[in-house]
Amino acid sequence: MAGVIVLIVLLGIAFAAGYFTRDYISNKRRAEARRWREYTEPDWLPTNAPANTNEIASAITAIPVVSGELGQMLNRWETRARARRAG
């Protein structure tokens, strides 16, 4: 009898984990789709400053030169992002 209860509990855990995974992947896909479609939030939603952005702060006047492979890759990404936003 204890084995049946354990199996039912494990089945419930697996069922819940499947729903959690499905929700997580769906949210991830929706966020990616919003980024590709250049989604802008409505004015009535509270705006929070993004933690990571390609926009250059107004206080920074000079773009620092980054050397190395990682720096070059990041510069290419930022250039492509600016080109996409510009049209």
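For the structure itself, look to the data block above.
Computed from a predicted model, the values in this text were never measured in an experiment.

1. Regarding the overall build of the protein
Moving on, step 1. Along the backbone of the protein there are two helices and zero strands.
Moving on, step 2. Among the 87 residues that make up the protein, the fraction classed as buried is 2%.
Moving on, step 3. As displayed, the protein offers around 8,500 Å² of accessible surface, 61% of which is attributable to carbon and sulfur atoms.

2. Regarding a nonpolar patch on the surface
Moving on, step 1. On the surface, Met1, Ile5, Val6, Leu7, Val9, Leu10 and Ile13 cluster together to form a nonpolar patch covering roughly 740 Å² of accessible area.
Moving on, step 2. Turning to its location among the elements, valine 6 is positioned in helix H1 (residues 2–36).
Moving on, step 3. Valine 6 gets classed as partly exposed once you look at its relative accessible area, which sits at 46%.

3. Describing the pattern of salt bridges
Opposite charge on two side chains makes pairing possible when the charged atoms of those side chains draw close.
Moving on, step 1. Tallying each qualifying case throughout the model produces one salt bridge.
Moving on, step 2. Arginine 82 is the partner of glutamate 78 in a salt bridge, and the nearest nitrogen-oxygen pair spans 3.5 Å. Of the two residues, glutamate 78 and arginine 82 are both situated in helix H2 (residues 69–86); the distance of four residues between them amounts to about one turn of the helix.
Moving on, step 3. A relative accessible area of 31% places arginine 82 in the partly exposed class.

4. Describing H1
Moving on, step 1. Here H1 spans 51 Å end to end across 35 residues, near enough to the 51 Å set by a 1.5 Å rise per residue.
Moving on, step 2. Downstream of H1 by one or two residues, glutamate 38 has phi in the positive range, about 55°.

Quick notes on the rules
- Residues numbered from 1 in each chain as written.
- Predicted model: local features only at pLDDT ≥ 70, side-chain atom pairs only at ≥ 80, totals over all residues.
- Heavy atoms only, no water.
- Helix = DSSP H or I, 4+ residues; strand = E, 2+ residues; numbered from the N terminus.
- Buried < 20%, exposed > 50% of the residue type's maximum accessible area, 1.4 Å probe, protein only.
- Areas by Shrake-Rupley, 256 points an atom, 1.4 Å probe, with all protein chains shown as cover.
- Patch = residues over 30% accessible without salt bridge, like charges linked within 9 Å, V, L, I, M, F, W, Y side chains within 5 Å.
- Salt bridge = Lys/Arg side-chain N within 4 Å of Asp/Glu carboxyl O.
- Expected span 1.5 Å × (residues − 1).

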